[in-house]
Every structure is written in C-alpha cells, then in structure tokens.
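# Descriptive analysis of the structure
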Amino acid sequence: MTDSEIDPAVRAELTRLRDSIDNIDAAVVHMLAERFKCTQQVGRLKAEHDLPPADPAREAQQIARLRRLAESAKLDPAFAEKLLNFIVAEVIRHHERIAGDTRGGQPQR
Ligand SMILES: O=C(O)C(=O)C[C@]1(C(=O)O)C=C[C@@H](O)C=C1
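Residues numbered from 1 in each chain as written. Predicted model: local features only at pLDDT ≥ 70, side-chain atom pairs only at ≥ 80, totals over all residues. Heavy atoms only, no water.

Within an unreviewed UniProt entry, the label attached to the protein chain reads Chorismate mutase, and the organism entered is Streptomyces desertarenae.

What follows is the structure, encoded as structure tokens:
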C-alpha cells in the first residue's frame, strides 16, 4: 500500500501518535543527557578518590527498584533491567576513561 492509499482518518491517527512518540523520544534524550552530566561528575569524584568505576551493590539496588517501578507502570521488568544495564555499562566505560585520564587525584592535561 502506498502512502496516498492510506485512509485519511488512519493517516491522521498515525500522525497524532507519531507526534507523541517524537515528544517522548525528545524527553528521553534530554533526561539521558542530564543523567550523563551527573554520572560524569560521579566519575570525576571516583577517580579523584581512587574509588572503583563500578559499584555492583548499588546496581543491584537500582535494578530491584526499577523492576518494582516497571511492574507498577505495566512495563516489562526484564526490559527495564536490560535498559538500566545498557546505560550503566556505558557509564562504567566513561568512568574508566576518566580514571585513566586522572593520576594522583588530578586530571591529566
Ligand atoms: O552510583 C555510582 O556509583 C555510579 O557510578 C553511577 C552508576 C549509574 O549509572 O547509576 C554507574 C556505575 C555503578 O556501577 C553504579 C551506578
């Protein structure tokens, strides 16, 4: 079926839903950007105080909490866990890079 063959009412409903999806995707990007701003600061703090990039106990708490929130929001908890793990893996990579660039608690130029 080509675009011009789609029923105008269906086309309008699809456009309405896609507009909302675009707004939600923009919000997700902005929220992730804010989260990464925080985790960059955590990375610098950890590097300056010789703390390990990963904190598995903290991650276990975050996963348990997000799984509960997902269930009450009718979102698949396994998906919520996978998403958190994906984000945290990227954060840990950033922390490791910051630690590599930080010697004796001081950022290297
Ligand atoms: O809270 C920390 O210690 C962080 O470094 C942040 C964060 C996260 O992205 O939420 C990332 C890595 C840790 O393993 C746990 C949590």
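There is more to say after this.
## Looking at the site of the ligand
Let me state the cut-off plainly: The near set for a molecule or strand comprises every residue that places at least one heavy atom within 4 Å of it. Contacts described as polar in this section are N or O atom pairs within 3.5 Å, which, within protein, must combine one atom able to donate a hydrogen with one able to accept it, while residues neighboring in sequence count only if both atoms come from side chains. Computed with the Shrake-Rupley method and a 1.4 Å probe, the accessible areas treat only the protein chains shown as cover for residues. Secondary structure elements are taken from DSSP: a helix is a run of H or I of four residues or more, a strand is a run of E of two residues or more, and numbering for both begins at the N terminus. All amino acids are sorted into three groups, where Ala, Val, Leu, Ile, Met, Phe, Trp, Tyr, Cys and Pro are nonpolar, Asp, Glu, Lys and Arg are charged, and the leftover types, Gly among them, are polar.
If you check the shell around the ligand, you find 14 residues, and the closest are Lys-46, Asp-55, Glu-59, Gln-62 and His-95. Lys-46 has a polar side-chain atom sitting 2.7 Å from an oxygen atom of the ligand. Asp-55 places a polar main-chain atom, nitrogen or oxygen, 2.8 Å from an oxygen atom of the ligand. In isolation the ligand offers 360 Å² of accessible surface; the protein chains occlude 90% of this area. Broken down by secondary-structure element, the contributors of at least two residues to the shell around the ligand are helix H1 (8-48), helix H2 (56-72) and helix H3 (77-100). Across the shell around the ligand, the residue classes break down as six nonpolar, three polar and five charged.

## Things to note about the environment of Leu-66
Here is the rule: We call two residues contacting when some pair of their heavy atoms lies within 4.5 Å.
With respect to the helices and strands, the residue Leu-66 is situated in helix H2. Once the C-alpha coordinates of Leu-66 and Arg-18 are considered, the two residues, 48 residues apart in sequence, prove to be 27 Å apart. What Leu-66 contacts, discounting residues up to four positions off in sequence, is Ala-80 and Leu-84.

## As for the environment of His-49
Quick reminder of the rule: Relative accessibility decides the category of a residue: with a 1.4 Å probe and only protein chains considered, values under 20% of the type maximum give buried, values over 50% give exposed, and everything between is partly exposed.
With respect to the helices, strands and loops of the structure, His-49 is situated in the loop between H1 and H2. Take His-49: its relative accessible area is 52%, and that puts it in the exposed class. Taking the C-alpha atoms as reference points, His-49 and Arg-18, separated by 31 residues in sequence, lie 46 Å from one another.

## Points about the UniProt feature "domain: Chorismate mutase" (unreviewed entry) in the protein chain
Rules: UniProt positions are given in the numbering used here, feature names are shortened, and annotations may be inferred rather than shown by experiment.
Mapped onto this structure's residue numbering, the UniProt feature "domain: Chorismate mutase" (unreviewed entry) falls at residues 8-99. As a span, residues 8-99 carries 88% helix and 0% strand, and end to end its C-alpha atoms are 56 Å apart.

## Some remarks on the side chain of Thr-39
Positionally, Thr-39 belongs in helix H1. At 3.2 Å, the side chain of Thr-39 and the backbone oxygen of Phe-36 are in polar contact. Apart from the residues lying within four places of it in its own chain, the contact partners of Thr-39 are Val-91 and His-95.

## Digging into the packing of H1 against H3
Applied cut-off: Only the stretch in contact is used when a helix axis is fitted, and all axes are lines through C-alpha atoms; the angle between N-to-C directions ranges over 0 to 180 degrees. Angular relationships are summarised with four words: roughly parallel below 35 degrees, roughly antiparallel beyond 145, roughly perpendicular across 65 to 115, and oblique for the angles in between. Helix crossings fall into two classes, left-handed where the near helix is turned counterclockwise from the far one by less than a right angle and right-handed where it is turned clockwise.
It is at 9 Å that the axes of H1 and H3 come closest, and there the two elements cross at 40 degrees. Taken as axis vectors, H1 and H3 run oblique relative to one another. Helix-helix and strand crossings are classified by hand; for H1 and H3 the assignment is right-handed. Seen from H1, the contacting residues are Leu-32, Arg-35, Phe-36, Thr-39, Gln-40, Val-42, Gly-43, Arg-44, Lys-46 and Ala-47; seen from H3, they are Leu-84, Ile-87, Glu-90, Val-91, His-94, His-95, Ile-98 and Ala-99.

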